[in-house]
Amino acid sequence: SGNVKVYYLQYAKAKDLAAVLNKVMQNVAQAAGGQAATAAPTGKGKASIEADEGTNALIVTGDAEVMSSLQSVIERLDIRRAQVLVEAIIVEMSANKNRDLGIQWMFANAGGGYGSSSRADGILAKTSAAAFGGASSTDTTSNTSADPRAILGAALAGNNGQILGVGRISNNFSFNAVLSALQENIDANILSTPSLLTLDNEEASIVVGQNVPFKTGSYTSTGNATSVSSPFQTIERNNVGLTLKVTPHINEGDSLVLEISQEVSSLSGAASQVDATDVITNERKIESKVMADNGQIIVLGGLIKDDIQETAQKVPLLGDIPVVGRLFRSNSSKKTKTNLMVFLRPVIVREGRTLTGATGEKYRFIRGEQLESRQRGDDFFDKKDLPLLPEWEEQLKKIEDMEQLKHQKDILSVQPQAAAQPATAPAAPQENSTSPGEATQ
């Protein structure tokens, strides 16, 4: 009867397109009903659209006029959508300089006199306990007969910088002086280049990092004679690393509107030296909507930070005396300089040739890294045992051979079916012919 047609879609998703078309037909029916409310219903202008997800096809039922309108809409919606390759460049350079110089001392005599000049960093207490011949109050060992040299070694090993001092003077007078001197320089140069390929108007994200535990609570049961104490902690895990989310919108021409959310987080200090209860994270996040041309490099945001902190601890008046005042004064300075810049380069990919070129560039880069690693060699493996990607041209030839073989199999599978069909007289030509992407029942 020509009232049922099947449209095989090439690019669109049948389920999503069927929902859109059904909504359009409802709006058309409502508009037509409002214009001819007094007319008797004839049943014309109605259509039913069903989606077959297995073959990604639309099954449309309706009269010829509606079929023609729907076919035009389907052809305009079932098109190849452009893609966008987003390349981000995240550059972070930081320099930290720390300087520390100070003298701490403590004395005590047999007559009960004592005195000290301390920075309250714990080093004076630990070294004084060893120098005076006893266990420090911060020592968790209850054995009072511990070797003072072991206590002194533990105290010195737990502090940075150069530490010099003198200990006991006599049995009746104990004196301990500690000189601390430290200069520390830390330079970091971090370059991250994440890249992401997505369809037009589709959100895509990439996450590279670690899943780090964070303590959110704790509970401790006191217990009694009949029950056992069962303390526990609640832990929440969050991703720490690099996150990039992009939603591109291609405008008329070669310009794009990009909705971007970019975040870089890291642990403060070595990950192996922190616990879930004292994790400190550094976070740098940018959320923005920008416009760029095809292939244009734009700066998304940045930060230039100079942080200088100087600390001086001294005894009033005594610390200001030239030369001798150094015995009553400690100084420390810290300078931190951070340069952070985020750049973005979107590239519109409208055809397979452009996508193949972009893929080949990334492919050759990672293969070059593998070649360099193979040339350096390994202490435990032979060079030929290290993994290496095949050359890009060789990989393309394999893909082309696979596609050609698949095409030949499709032709061979169609020929027996065509031979099995009975010969029929040629049908008379019709004015309304169906398109190649549809079938008529």
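Residues numbered from 1 in each chain as written. Predicted model: local features only at pLDDT ≥ 70, side-chain atom pairs only at ≥ 80, totals over all residues. Heavy atoms only, no water.

Peer 1: I'd love a proper account of the environment of glycine 111, names of residues and values included.
Peer 2: Note that glycine 111 resides in the loop between strand E4 (83-109) and strand E5 (114-117). For glycine 111, a relative accessible area of 76% puts it in the exposed group. Considered as a pair, glycine 111 and asparagine 172 are 61 residues apart in the sequence and their alpha carbons are 8.2 Å apart. (Helix = DSSP H or I, 4+ residues; strand = E, 2+ residues; numbered from the N terminus. Buried < 20%, exposed > 50% of the residue type's maximum accessible area, 1.4 Å probe, protein only.)

Peer 1: Can you lay out the confidence of the model for the protein chain for me, pointing to particular residues and giving the numbers?
Peer 2: A residue-level look at the protein chain finds 75% of positions with pLDDT of 70 or above and a mean pLDDT of 77. Within the protein chain, the lowest mean pLDDT, 48, falls on strand E15 (residues 438-440), and the highest, 91, falls on strand E8 (residues 195-199). pLDDT under 50 marks residues 37-42. Its contacts with residues more than four places away, or in other chains, come to zero contacts. (pLDDT = per-residue confidence, 0-100. Contact = heavy atoms within 4.5 Å.)

Peer 1: Report on the nonpolar core, specifying residues and quantitative values.
Peer 2: Of all hydrophobic cores here, the largest spans 22 residues; its most connected members are Leu258, Ile260 and Leu344. At the level of secondary structure, the elements contributing two or more residues to this core comprise E4, strand E10 (232-250), strand E11 (255-267), strand E12 (281-293), strand E13 (298-314) and strand E14 (329-349). Contacts of isoleucine 260, omitting those with residues within four sequence positions, involve Leu244, Lys245, Ile286, Glu287, Ser288, Val290, Leu300 and Leu344. Grouped together as the second largest cluster of nonpolar side chains are 15 residues, Leu17, Leu58, Val66 and Ile74 included. (Core = buried A, V, L, I, M, F, W, Y, C linked by side-chain atoms within 4.5 Å.)

Peer 1: Run through the pattern of salt bridges, naming residues and quoting values.
Peer 2: Considering all chains together, one arrives at nine salt bridges under this definition. Of the charged contacts, one joins glutamate 87 and arginine 345 as a salt bridge, the two residues approaching to 2.9 Å between their closest N and O atoms. Of this pair, glutamate 87 sits in strand E4 while arginine 345 sits in strand E14, placing them 258 residues apart in sequence. Relative accessible area serves as the criterion here: at 32%, arginine 345 is assigned to the partly exposed category. Measuring nitrogen to oxygen at the nearest pair gives 3.0 Å for the salt bridge that ties lysine 362 to glutamate 87. In this pair, lysine 362 is assigned in helix H5 (residues 352-376) and glutamate 87 in strand E4, connecting sequence segments 275 residues apart. Residue classification places glutamate 87 among the buried positions, given a relative accessible area of 16%. (Salt bridge = Lys/Arg side-chain N within 4 Å of Asp/Glu carboxyl O.)

Peer 1: Explain the side chain of glutamine 83 residue by residue, including any values.
Peer 2: Assignment of secondary structure puts glutamine 83 in strand E4. Once residues within four sequence positions are removed from consideration, glutamine 83 is found in contact with Leu197, Thr198, Leu199, Asp200, Val347, Ile348, Val349 and Leu355.

Peer 1: Tell me what's going on with the pairing of E14, and back it up with residues and numbers.
Peer 2: Looking at chain direction, E4 and E14 are connected through 20 bridges and run antiparallel. Opposite isoleucine 90, over in E14, you have valine 342 as the bridge partner. Sheet topology note: the E13/E14 ladder contains 16 bridges and is antiparallel. Bridging across to E14, leucine 303 finds its partner in leucine 340. (Pairing = 2+ DSSP bridges.)

Peer 1: An account of the environment of tyrosine 8 is needed here, citing residue identities and associated values.
Peer 2: Within the secondary structure, tyrosine 8 sits in strand E1 (residues 4-8). For the pair tyrosine 8 and threonine 55, spaced 47 residues apart in the sequence, the C-alpha separation amounts to 7.4 Å.

Peer 1: Any details on unusual backbone geometry? Residues and values, ideally.
Peer 2: Most peptide bonds take the trans form, and the phi angle of most residues other than glycine is negative. Backbone geometry places asparagine 201, a non-glycine residue, at a positive phi of 65 degrees. Relative to the elements of secondary structure, asparagine 201 occurs in the loop between E8 and strand E9 (204-219). Take asparagine 201: its relative accessible area is 45%, and that puts it in the partly exposed class.

Peer 1: Give me the environment of leucine 258: which residues, what numbers.
Peer 2: As for its position among the elements, leucine 258 is in strand E11. Owing to a relative accessible area of 0%, leucine 258 belongs among the buried residues under this scheme. Taking the C-alpha atoms as reference points, leucine 258 and valine 86, 172 residues apart in sequence, are found 9.6 Å from one another. If near-sequence neighbours (up to four positions away) are discounted, leucine 258 is found in contact with Val246, Thr247, Pro248, Ser288, Lys289, Val290, Leu344 and Pro346.

Peer 1: Would you mind going over a nonpolar patch on the surface in detail, with residue names and values included?
Peer 2: A cluster of nonpolar side chains, Val20, Val24, Val28, Val73 and Leu77, forms an exposed patch at the surface whose accessible area comes to about 350 Å². Put simply, the parts of the chain that give the nonpolar patch at least two residues each are helix H1 (14-35) and helix H2 (64-77). In terms of residues, the nonpolar patch owes the most to one element, H1, which gives three residues. (Patch = residues over 30% accessible without salt bridge, like charges linked within 9 Å, V, L, I, M, F, W, Y side chains within 5 Å. Areas by Shrake-Rupley, 256 points an atom, 1.4 Å probe, with all protein chains shown as cover.)

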